[in-house]
Amino acid sequence: MVSQAVTAAGARPGAQPEPIPIPPRAGAAPGPGAGGPRDRREAPLPVPPRICSGRGGAVLRQHQIIHRDAPQRSPAMAGKKVLIVYAHQEPKSFNGALLKIAVEELTKQGCSVTVSDLYAMQFEPRATRNDIVGHLHNSEAFNYGVETWEAYKRGGLSKDLVEEQKKVQEADLLIFQFPLFWFNMPAILKGWMDRVLVQGFAYDLSKAYDGGLLQDKLSLFSFTTGGGQEMYSKGSISGDIRYILWPMQHGIMHFCGVKVLEPHICYAPENVSEEKRKEMLAAWTQRLKNLWKEEPIDCSPDWYFK
Ligand code: FAD
Ligand code: ZN
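Worth saying up front: this structure is predicted, and the values here are computed from it rather than measured.

Rules used throughout
- Each chain has its residues counted from 1, running along the sequence as written.
- Written order determines the labels here, with chains lettered from A and ligands numbered from 1.
- For this predicted model, a pLDDT threshold of at least 70 governs which residues receive local features, and a threshold of 80 or more governs which side-chain atom pairs are given and counted, while totals over whole chains, interfaces and linings are taken from all residues.
- Side-chain metrics rest on all non-hydrogen atoms present in the structure, leaving aside hydrogens and water.
- Counting from the N terminus, the helices are the DSSP runs of H or I reaching at least four residues and the strands are the DSSP runs of E reaching at least two.
- What a helix should span is 1.5 Å times the count of its residues minus one.
- Summary of the burial criterion: residues with accessible area below 20% of their type's maximum are buried, those above 50% are exposed, and those between are partly exposed, where the area comes from a 1.4 Å probe applied to protein chains only.
- Comment: arc refers to directions from the helix axis out to C-beta atoms.
- Residue contacts are defined here by distance: any two heavy atoms, one from each residue, within 4.5 Å place the two residues in contact.
- Throughout this document, a residue counts as near a molecule or strand when at least one of its heavy atoms sits within 4 Å of that molecule or strand.
- What qualifies as a polar contact is a pair of N or O atoms within 3.5 Å, subject to a donor-acceptor requirement within protein and to the restriction that residues adjacent in sequence count only when both atoms come from side chains.
- The donor definition counts N, O and S atoms within 2.8 Å of each metal and applies 3.2 Å to Na, K and Ca; water is not among these atoms, so some sites may look incomplete.
- Four donors are marked tetrahedral only if all angles between them lie between 85 and 135 degrees, whereas four are marked square planar and six octahedral if opposite donors are more than 155 degrees apart and the other angles lie between 65 and 115; the remainder are marked irregular.
- Only buried residues count toward a nonpolar core. Its members are Ala, Val, Leu, Ile, Met, Phe, Trp, Tyr and Cys residues joined through side-chain atoms within 4.5 Å.
- The aromatic pairing rule takes the rings of Phe, Tyr and Trp, using the six-membered ring of Trp, and pairs them if the centres are within 6.5 Å, calling planes under 30 degrees apart stacked, those over 60 edge-to-face and the rest tilted.
- The criterion for strand pairing is that DSSP finds at least two bridges linking the strands in question.
- Here the term right-handed applies to a crossover when the path leading from its first strand over the helix to its second strand runs clockwise, the strands being oriented away from the viewer.
- Under this scheme, a helix contributes an axis fitted over its contacting stretch, all axes are lines through C-alpha atoms, and angles between N-to-C directions fall in the 0 to 180 degree range.
- Working rule for angles: under 35 degrees goes down as roughly parallel, over 145 as roughly antiparallel, 65 to 115 as roughly perpendicular, anything else as oblique.
- Amino acids outside the nonpolar list (Ala, Val, Leu, Ile, Met, Phe, Trp, Tyr, Cys, Pro) and the charged list (Asp, Glu, Lys, Arg) are all regarded as polar, and Gly is one of them.
- Every case where a carboxyl oxygen of Asp or Glu lies within 4 Å of a side-chain nitrogen of Lys or Arg is listed as a salt bridge.

Visitor: Tell me about helix 6 (residues 274-289), and name the residues and values.
Guide: In a regular helix each residue adds 1.5 Å, so 16 residues correspond to 22 Å; helix 6 covers 23 Å between its end C-alpha atoms and thus fits that length. Of all the residues in helix 6, the buried ones are Met280, Leu281, Trp284, Arg287 and Leu288. Taken end-on, helix 6 shows its buried residues confined to a sector of 120°, consistent with a single buried face. More than 90 degrees from the buried face of helix 6, the exposed residues found are Glu275 and Lys278. Considering only its buried residues, helix 6 is in contact with helix 1 (94-108), strand 5 (173-179), strand 6 (218-224) and strand 8 (264-266).

If you want it as structure tokens, here you go:
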């Protein structure tokens, strides 16, 4: 039996700045919009057959996961490791219901499920100097991208980041579960992306997109909206929902080498009938049952904008 607790973010060690000479900046622009490496290949991304082994199972209790043997394990999925990064304040929310379903269904399949419940963890979303333990590479002019990259290389990132990176490293699949906020993910989840996916860990100079450092992983954005589906179709006032997915799926996950499964979108759960909500929850369960057979999308500009 494996036991794994997902707890509040650890205390973040204090800073001990040391004045050092200004180093040369070795092209350290993080991210695709800031001079990151070019998208090298945009061909369909094949998924190798995923044969699972091992044991596991999880029951969600608040933000703690207790793993135990799963009685209804399917050999095709057993042993897969799933990290769900969850951003909703309220367990009784529709997002909370979607999270619960994912934990239960994937556990039933024999997957090992870990949840980062960001609000419950009081996850720090701000990218600051506190993320670096000990001396700065350049204490004269703070550059978050350079400093976290240098800190990563010397093992000097704060404990909460190291813990999240470990969960990412171990995962075969990353599921992001959240309500849409201003055509985007909630700030706490964006902060997770900003702080966890640092250069050297998730991507590096010339190691991005299909060459990104987090290869052999899948990702899935599962979210809810306030607006109905008709609001998010091409030519509508809000535009195609895929425009919103471009920065998340392509700009972050694909950039880091992670393959992308079709998003899972529950439109307007607040404005539909109870029956429709139950249908949406059942559809999520059903999708999860066949998830490991899915092929990733062709995450190229055409998928989003054609
Ligand atoms: P909830 O309100 O928690 O749930 C909806 C209903 O489902 C409730 O009645 C709840 O009781 C019920 N429910 C819960 N569990 C179950 C269950 N097991 N079975 C059946 N029913 C259940 N929307 C947009 O479209 N675009 C935007 O840009 C946007 N920006 C936003 C920005 C901000 C800052 C905020 C606060 C909201 C924004 N919204 C936007 C709206 C937001 O996306 C929705 O309010 C959210 O997605 C709804 O999801 P929820 O989980 O919070 O719903
Ligand atoms: Zn892409």
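Following the structure, the description resumes.
Visitor: Quick rundown of the site of ligand 1? Include the residues and the values.
Guide: Taken together, 22 residues lie around ligand 1, and His88, Leu180, Trp182, Thr224 and Tyr232 are the ones closest in. The contact in question runs from an oxygen atom of ligand 1 to an N or O atom on the backbone of leucine 180, over 2.7 Å. Threonine 224 is positioned such that a nitrogen or oxygen atom in its side chain is 2.5 Å from an oxygen atom of ligand 1.

Visitor: Run through the coordination of the zinc ion (ligand 2), naming residues and quoting values.
Guide: A metal bound by six donors in octahedral fashion has ideal angles of 90 or 180 degrees, whereas one bound by four tetrahedral donors has an ideal angle of 109.5 degrees. Here the zinc ion (ligand 2) is held by the protein donor atoms His250 (ND1), His254 (ND1), Cys299 (O) and Cys299 (SG), which lie 2.0 to 2.2 Å from it. Every donor counted, the four donor atoms about the zinc ion (ligand 2) form angles of 93 to 126° at the centre, which fits tetrahedral coordination. Going along the chain, you hit the donors of the zinc ion (ligand 2) in the pattern H-x3-H-x44-C. Highlighted residues: histidine 250 and histidine 254, both in helix 5 (residues 241-254), separated by four residues, approximately one helical turn. Across the pair, exposure class does not vary: histidine 250 and histidine 254 are buried alike.

Visitor: Go over the side chain of glutamine 249, please, and point to the residues and values.
Guide: Mapping glutamine 249 onto the fold places it in helix 5. Engagement of the side chain of glutamine 249 in a polar contact is seen with the side chain of tyrosine 304, the distance being 3.0 Å. Ignoring sequence-local partners within four residues, the contact set of glutamine 249 consists of Phe221, His254, Val260, Leu261, Pro263, Ile297, Cys299, Trp303 and Tyr304.

Visitor: Which residues make up the nonpolar core, and what are the values?
Guide: Ranked by internal contacts, the top residues of the largest apolar core, which has 50 residues, are Phe176, Leu189, Trp192, Met193, Leu197, Phe221 and Met253. Secondary structure elements with two or more residues in this core: strand 3 (81-86), helix 2 (144-153), helix 3 (159-170), strand 5, helix 4 (187-196), strand 6, helix 5 and helix 7 (301-305). The leading source of residues in this core is helix 5, at six residues. Setting aside anything within four residues of it in sequence, one finds phenylalanine 221 in contact with Phe176, Phe178, Met185, Met193, Leu245, Met248, Gln249, Met253, Pro263 and His264.

Visitor: Can you tell me about the packing of aromatic side chains, naming the residues and giving the values?
Guide: A full pass over the atoms with the stated rule returns 15 aromatic pairs. Their ring planes at 20° and their centres at 5.7 Å tell us that tyrosine 243 and phenylalanine 305 sit as a pair that is stacked. With tyrosine 243 in helix 5 and phenylalanine 305 in helix 7, this pair connects stretches of sequence that are 62 residues apart. Owing to a relative accessible area of 34%, tyrosine 243 belongs among the partly exposed residues under this scheme.

Visitor: Hey, could you go over the pairing of strand 3 for me, with residue numbers and the actual values?
Guide: Summarising burial for strand 3: five of the six residues are buried, a large majority. Across six bridges, the pairing between strand 3 and strand 4 (residues 112-117) is parallel. Within strand 4, the position partnered with leucine 83 by the bridge is threonine 114. The parallel pair strand 3 and strand 4, bridged by helix 1, forms a crossover whose chirality is right-handed. Note that strand 3 and strand 5 share five bridges and pair parallel. Following the sheet pairing, leucine 83 is matched in strand 5 by leucine 174.

Visitor: Account for the packing of helix 3 against helix 4, with residues named and values stated.
Guide: If you want to describe how two helices pack, look at the angle between their axes and the distance between the axes. Running from amino to carboxyl end, helix 3 crosses helix 4 at an angle of 90°, the nearest separation of the two axes being 10 Å. When the axis of helix 3 is compared with that of helix 4, the two are roughly perpendicular. Where helix 3 approaches helix 4, its residues Asp160, Leu161, Glu164, Gln165 and Val168 are matched on the opposing element by Trp192, Arg195 and Val196. Residue classes in the contact of helix 3 with helix 4 are distributed as four nonpolar, one polar and three charged.

Visitor: How would you explain the pattern of salt bridges if you had to name every residue and give the values?
Guide: Counting across every chain of the model gives 15 salt bridges. The salt bridge involving glutamate 279 is made with lysine 276; its shortest N-O contact spans 3.7 Å. Pair noted here: glutamate 279 and lysine 276 are both in helix 6, with a separation of three residues, about one helical turn. Since its relative accessible area comes to 38%, lysine 276 is described here as partly exposed. Residue arginine 287 is joined to glutamate 294 by a salt bridge in which the shortest nitrogen-to-oxygen separation is 2.8 Å. Through salt bridges with shared partners, one network takes in Glu105, Lys108 and Lys289.

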